[in-house]
Amino acid sequence: MNSPLLPTYARADLAFEKGEGVWLETREGERYLDFGAGIAVNALGHAHPHLVSALTEQAAKVWHTSNLFRIPEGERLAQRLVDHTFADLVFFTNSGAEALEASIKMARKYHSENGQPERYRIITFEGAFHGRTLATIAAGGQKKYLEGFGPKVDGFDQVPFGDRQAVIDAITPETGAILIEPIQGEGGIRPLPVQELRRLRELCDERGMLLILDEVQTGVGRTGKLFAHEWAGIAPDIMAIAKGIGGGFPMGACLATREAAKGMTVGVHGTTFGGNPLAMAVGNAVLDVVLEPGFLAHVERMGLLLKQRLAELQDRHPAIIAELRGQGLMLGLRTHVPNNDFVAAARQQHLLTIAAGDNVVRLLPPLIVTEADIGEAVRRLDAACAALEDEMRTLARQGVA
Ligand SMILES: Cc1ncc(COP(=O)(O)O)c(C=O)c1O
C-alpha cells in the first residue's frame, strides 16, 4: 500500500464506512461484528442515537471557545464525574496519554507543594501501558517503545506486576506515588488481584505516597463497575480516564481529590482543546446511558456470559486457546498460536478482536452487547479456531510443525 500516512501502524486492509450498534460495515456492504470497539472506546457501539444527537446538536451551536471561558457542559460533566467517584476535581484532556501526563505532573506538584520536591519518582509496573508521550513511555517502561527516542524521562521505577515485596523494596525517600492499571490492557488483560490493590492503597497511606490509577481502558463501565477499582473497595488519589468516556469522540480526563490536586493552580497546566464543548456534550451523553439504572448490571451479566462461553470455547479448542482471563467486558484469550494469526482468523469470520501483549487476543465489545451478539461472536470464534486447527493439521502433515 502506498500511503501518505506515517507507517507506524500495521493496518489491516479493511476500511469501514458506517456502523450501527456492535456492527461495522465496509463500503462494499460487508458486515463485521465489532468485539474490539476501537480498542475499548466505542462503549455504546456505533452511531448510538443519543450520542449522535448530542454531538450534532452541539455542532450546530458552538464547537470551541478555549478554556479562557467557562464551558457549562464541561462543568456539568465534571460535577457528574465527581458525584459518582472519589474525586473532587476534574481536568479534561484529549487523550489517555494526556490524562496520564496531567496525573504525573499533579503527583509531582503535590509533593513540591508539601516542601518535598525530591519526591518526584513514581513506581510503575512491568507490562504497563500508559501512552506514547515521552513521559508515558518512560512510565510504561517498555523497551520497544523507548528505543531510539533519546534519554528516558527520569522518575519512574519499574517493578514486576503484582509483586508486593518488589514495590516495598523500590520505595526510597524520593518516591512520591504508585501508578498502576487495575487490569493491564495492552499488557495482555492481566488483572491485579483486589487484595493487591488494597495493599497498594495501604502502602501509599503508610508512606505518604499518592495512588494513581490508570483507568483509561478499565473505566466507564468496562468491568461492570463505573471504575474497576470499585471492585477492591478502595479509592485512588488521582485517576486517568479516556477511551469509553468519549464513546469514540477523542477525550480523556484526570480526576483527583482536592488534596492531591492542591498544587494545580492557575497557569501551571493547560490544554487548548481539552474539555471543548463538542467533547463535553458527548461525554455527558455517554454518562446519561452508562449511569442509567441497570446498565452496569447488564455489563456484568454480559461479561459473565461471554466468559462462560469463552471457557467452553477453550474446552473445545485446547490446542488453540491456552488461557482465559479478565473481567466484565474486558476479556483476553492467551493463544497457543501467534495472537495476530488468531486475530486474522477471526477477521476472516468477520469478527473484530484486538491483539495485546503476552500473546493475548482481547475481546472488548461495546458495552451494549446482547446475549445474541455474544452467541454470534462465539460461533465465529469457533469457526476461526477450526480454521486454525485445520491449518495446524496441514502443516503437521507437511512436517512443518
Ligand atoms: C491503560 C492505558 N493507558 C493509557 C493509554 C493511552 O491512551 P491514548 O492512546 O488515548 O493516549 C492507553 C491506550 O491504549 C491505555 O490502554
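In this text, all values refer to a predicted model and were calculated from it rather than measured experimentally.

A. Quick peek at the site of the ligand. Every residue lining the ligand is accounted for by Ser95, Gly96, Ala97, Phe129, His130, Gly131, Glu181, Glu186, Asp214, Val216, Gln217 and Lys243. Between the ligand and Ala97, the relevant distance is 2.8 Å, taken from an oxygen atom to a main-chain nitrogen or oxygen of the residue. Within the contact set of the ligand, a nitrogen atom lies 3.2 Å away from a backbone nitrogen or oxygen of Phe129. For the ligand, the protein covers 81% of the area, taking 390 Å² as the surface of the free molecule. Across the shell around the ligand, the residue classes tally to three nonpolar, five polar and four charged.

B. Focus on the pattern of salt bridges. All chains considered together, the criterion is met by 20 salt bridges. We note a salt bridge from Glu323 to Arg334, for which the minimum N-O separation is 2.9 Å. Of this pair, Glu323 sits in strand 13 (residues 321–327) while Arg334 is found in strand 14 (residues 330–335), placing the two residues eleven residues apart along the sequence. Owing to a relative accessible area of 28%, Arg334 belongs among the partly exposed residues under this scheme. With its nearest N and O atoms 2.8 Å apart, the salt bridge here joins Glu376 to Arg380. Taken together, the positions of Glu376 and Arg380, both in helix 12 (residues 371–397) and four residues apart, correspond to about one turn of that helix. One connected set of salt bridges, linked through shared partners, spans Glu323, Arg325, Arg334 and Asp358.

C. The arrangement of the pairing of strand 11 (residues 238–241) in detail. Both faces of strand 11 are covered, namely the face carrying Ile238 and Ala240 and the face carrying Met239 and Ile241. The pairing of strand 11 with strand 12 (residues 252–256) spans four bridges and is antiparallel. Its bridge partner lying in strand 12, Ile241 is registered against Ala253.

D. Inspection of the packing of helix 2 (residues 49–59) against helix 9 (residues 277–290) at higher detail. Packing of helix 2 against helix 9 leaves a shortest axis separation of 9 Å and a crossing angle of 155 degrees. When the axes of helix 2 and helix 9 are compared, the pair comes out roughly antiparallel. The chirality of how helix 2 crosses helix 9 is right-handed. Contact residues: His50, Leu51, Ala54, Leu55, Gln58 and Ala59 in helix 2; Pro277, Leu278, Ala281, Val282, Ala285, Val286, Asp288 and Val289 in helix 9. Taken together, the residues that form the contact of helix 2 with helix 9 break down as eleven nonpolar, two polar and one charged.

Thresholds, definitions, all that
- All residue numbers here refer to positions counted from 1 along the written sequence of the relevant chain.
- With pLDDT at 70 or above as the cut-off, local features in this predicted model cover only qualifying residues; side-chain atom pairs require 80 or more to be listed or tallied, and sums for whole chains, interfaces and linings still use all residues.
- Each side-chain value is derived from all of the structure's non-hydrogen atoms; neither hydrogens nor water enter the calculation.
- Summary of the distance rule: residues count as near a molecule or strand when at least one heavy atom falls within 4 Å of that molecule or strand.
- The term polar contact refers here to a pair of N or O atoms within 3.5 Å; inside protein, the definition further demands a hydrogen-donor-capable atom paired with an acceptor-capable atom, and it admits residues adjacent in sequence only when both atoms are side-chain atoms.
- Note on areas: Shrake-Rupley with a 1.4 Å probe; residue coverage comes only from the protein chains shown.
- Gly is placed with the polar residues, together with every amino acid not listed as nonpolar (Ala, Val, Leu, Ile, Met, Phe, Trp, Tyr, Cys and Pro) or charged (Asp, Glu, Lys and Arg).
- Salt bridges are counted wherever a side-chain nitrogen of Lys or Arg sits within 4 Å of a carboxyl oxygen of Asp or Glu.
- Labels follow the DSSP assignment, with helices taken as runs of H or I lasting at least four residues and strands as runs of E lasting at least two, numbered in each case from the N terminus.
- Accessible area is worked out with a 1.4 Å probe on protein chains only. A residue is then buried under 20% of its type maximum, exposed over 50%, and partly exposed in between.
- Here, a strand pair is defined by DSSP locating no fewer than two bridges between the strands.
- Axes here refer to lines fitted to C-alpha atoms; in helices the fit is confined to the stretch in contact. Angles between the N-to-C directions go from 0 to 180 degrees.
- Here the angle decides the label: under 35 degrees means roughly parallel, over 145 means roughly antiparallel, 65 to 115 means roughly perpendicular, and every other value means oblique.
- Note on convention: the crossing is left-handed when the near helix lies turned anticlockwise from the far helix by less than a right angle, right-handed when the turn is clockwise.
- A contact between two residues is defined here by any heavy atoms of the two lying within 4.5 Å.

Shape is all these values report; function is a separate question.
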